[in-house]
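# Fold and contact review
So you can see what is in the structure, the chains are spelled out below.
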Amino acid sequence: MKRILTLLFLICFILPAKAINELDLEDVGIAKYAVLEAKYDFSPVRILPDENAQRFTHLRQNVAIYADKQTKDFFRIDLGDGNYYWAEKKYFEVQGIIPEKRIQKVDKISFNQDKKGYEIFIPLDIYNAYSFKEEPWGLEFKLYDVDAKNLEIKNKPGCVNYEFKDYTLTLRYTTPALFGYDAKIDKKGLYVYLRKAPKIKPKKPLNNIKIVLDPGHGGEETGVCAFGVEEKDVNLKISKQIRKALKKRGADVYMTRKRDKYTPLYQRVAFADKKEGDILLSIHQNSLLNPQDVVKKHGVGVYYYNPQAKELAQKLQDELVRETGFRDDGVNFASFALTRPTNPVSVLVECGYLIDKHEKEMLTNKKFQKKFANALTKGVENYLRYLIVF
Ligand SMILES: [Zn+2]
């Protein structure tokens with residue numbers, strides 16, 4: 001919450017467009033552009049030069065972008081769409097300083113389709129920047145700094161259309177229910193994955209659905225400590241009950257950790273990606289900076305980042321509030337490592353506040369943990385049934 005307020009404060013008061021121009025912007029070198037390469041998967045590009053600012057896109061490792069100016073910690077990125085974006089220096093490496101952007105020719109792209117979705121292959125020598133944007137009608141994908149004047153498209157489905165303008169190739173995927181998307185690169189080029197909502201059986205919606213379950217924290221990273229219990233242990237115990245409940249209803253469940261073990265965030269995200277999960281549930285217990293505030297703020301809450309995950313968050317929250325009797329701590333937007341993945345559809349559940357004596361008693365009680373797990377499972381089933389209409 002504090003972060004969101006800080007961000008709002010920054011946007012409203014400190015960093016309006018005019019103020020950015022007044023920042024100490026320096027040239028990137030003797031020529032106009034610095035070629036930057038993403039050092040890691042999901043390296044963020046933001047809308048403001050602030051580490052908490054909203055992400056415009058994130059890029060796979062080795063994808064290149066062009067910066068025309070720099071501050072102490074950020075590069076200013078020019079994607080050719082009339083806006084400026086910002087890349088934090090720690091995530092990017094300078095490959096060279098050049099007078100002009102290298103425009104990549106794109107002559108053909110091809111579509112492959114199976115029952116899970118579409119794979120779009122774009123042959124590339126230079127991995128130029130791309131972005132995804134969720135829209136009420138579906139998904140917009142853009143590939144920047146390309147020349148696609150003579151584009152030939154193979155096997156294009158009717159639900160995808162394209163446009164080439166101002167060195168940007170745009171693909172629009174029209175779908176009533178977005179259910180995961182991603183981009184990957186290899187030596188040959190860029191692959192864009194657009195998933196279809198799965199075929200759901202109304203009576204057994206979880207049949208053949210892959211759920212990645214992520215018990216938060218572990219090892220030396222304890223999470224919240226209150227009343228003699230550590231969050232990492234509560235997360236794992238509840239997650240094991242959730243696994244049991246989900247499996248009983250037909251789901252395939254994969255856990256990012258099965259025991260008390262330190263597991264870095266990027267490893268959890270990579271695990272979910274590798275398992276090709278449909279849904280990612282990260283399980284946590286909440287706390288507050290000032291424990292006295294727990295009188296007013298406590299209960300169960302679900303967090304999402306990508307709009308496509310909001311319906312899942314809402315369906316989980318409805319069941320959890322109804323079944324646990326906990327205070328409704330809301331369906332909340334938050335940028336966490338485990339809410340940001342676009343594939344699987346990802347949410348983070350704060351089961352309750354461990355610093356609240358009553359909730360701590362409940363959340364460490366095995367019978368209650370089972371009840372919680374069943375409610376969560378019902379919420380996932382309701383979400384999957386909601387996808388049937390599409
Ligand atoms: Zn936590």
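Residues numbered from 1 in each chain as written. Predicted model: local features only at pLDDT ≥ 70, side-chain atom pairs only at ≥ 80, totals over all residues. Heavy atoms only, no water.

Let us look at unusual backbone geometry. Here the bond from N343 into P344 is cis, since omega is 5 degrees, no more than 30 degrees from zero. Among the secondary structure elements, P344 is positioned in the loop between β26 (328–333) and β27 (345–353). You will see that N208, though not glycine, has its phi angle at about 65 degrees, which is positive. The residue N208 is located in the loop between β19 (189–195) and β20 (210–215) in this model. Taking relative accessible area as the criterion, N208 reaches 59% and is therefore assigned exposed. The phi dihedral of E276 is positive, around 50 degrees, even though this residue is not glycine. Relative to the assigned elements, E276 resides in the loop between α4 (265–274) and β24 (279–286). (Helix = DSSP H or I, 4+ residues; strand = E, 2+ residues; numbered from the N terminus. Buried < 20%, exposed > 50% of the residue type's maximum accessible area, 1.4 Å probe, protein only.)

As far as domains go, the protein holds domain 1 (2–98), domain 2 (104–195) and domain 3 (210–388). Each side of the interface is counted separately: domain 2 has ten residues, and domain 3 has twelve residues. Between D273 and K184 there is a salt bridge whose closest N-O contact spans 3.5 Å. Linking domain 2 with domain 3 are seven residue pairs in polar contact (both at pLDDT 80 or more). The greatest single-element share of the side of domain 2 that touches domain 3, amounting to three residues, is contributed by strand β18 (residues 181–185). Of the residues in the side of domain 2 that touches domain 3, the class split is four nonpolar, one polar and five charged. (Domains from an automatic or database assignment. Contact = heavy atoms within 4.5 Å. Salt bridge = Lys/Arg side-chain N within 4 Å of Asp/Glu carboxyl O. Polar contact = N/O pair within 3.5 Å; in protein donor to acceptor, adjacent residues only side chain to side chain. Nonpolar A, V, L, I, M, F, W, Y, C, P; charged D, E, K, R; others polar.)

The next point concerns the nonpolar core. Judged by nonpolar contacts, the single largest core of 50 residues is most densely connected at L281 and L316. Put simply, the parts of the chain that give this core at least two residues each are β20, α3 (231–248), β23 (252–255), β24, β25 (300–304), α5 (310–324), β27 and α7 (366–388). Per-element accounting of this core gives the leading share, nine residues, to α7. In this structure, A38, V63, F141 and Y173 belong to the second largest nonpolar core, which totals 44 residues. (Core = buried A, V, L, I, M, F, W, Y, C linked by side-chain atoms within 4.5 Å.)

The next point concerns empty space enclosed by the protein. If a probe as big as a water molecule is rolled over the atoms, it shows which places are left empty. All chains considered together, the criterion is met by two cavities of 30 Å³ or more. Here the largest cavity defines a volume of roughly 60 Å³. Taken together, F42, R60, D182, V269, A272, D273, L280, P341, T342, N343 and P344 form the lining of the largest cavity. It is α4 that provides the largest number of residues to the lining of the largest cavity, a total of three residues. Looking at the lining of the largest cavity residue by residue, the classes come out as six nonpolar, two polar and three charged. (1 Å grid on protein atoms, 1.4 Å probe; cavity = no way out; pocket = protein on both sides within 12 Å on 5 of 7 lines; lining within 4 Å. Points joined across faces, edges and corners; volume = space filled by probe spheres on them.)

Before going further, it helps to spend a moment on the sheet that holds β25. Spatial ordering of the open sheet is given by β23-β20-β24-β27-β25-β26, a layout of six strands whose pairing is mixed. Each edge of the open sheet carries a strand with a single partner, namely β23 and β26. For this sheet the average axis-to-axis angle between neighbouring strands, irrespective of direction, equals 20 degrees. By the bridge criterion, three bridges tie β25 to β27 in an arrangement that is antiparallel. Each bridged residue has a counterpart across the sheet, and for G301 the counterpart in β27 is E350. Against the sheet, α3 touches β20, β23, β24 and β27, its axis set at about 145 degrees to β24. (Pairing = 2+ DSSP bridges. Axes fitted to C-alpha atoms, helices over the stretch in contact; angles between N-to-C directions.)

Right, let's get into the coordination of the zinc ion. Angles between donor atoms at a metal ideally measure 109.5 degrees for a four-coordinate tetrahedral arrangement and either 90 or 180 degrees for a six-coordinate octahedral one. Distances from the zinc ion to its protein donors, namely H217 (NE2), E231 (OE) and H284 (ND1), fall within the range 2.1 to 2.2 Å. All donors of the zinc ion come from a single chain, and their spacing in sequence reads H-x13-E-x52-H. Remark: H284 occurs in strand β24 and H217 occurs in the loop between β20 and β21 (225–226); sequence separation between them is 67 residues. For the pair H217 and H284, a shared accessibility class is recorded, and that class is buried. (Donors = N, O, S within 2.8 Å, 3.2 Å for Na, K, Ca; no water.)

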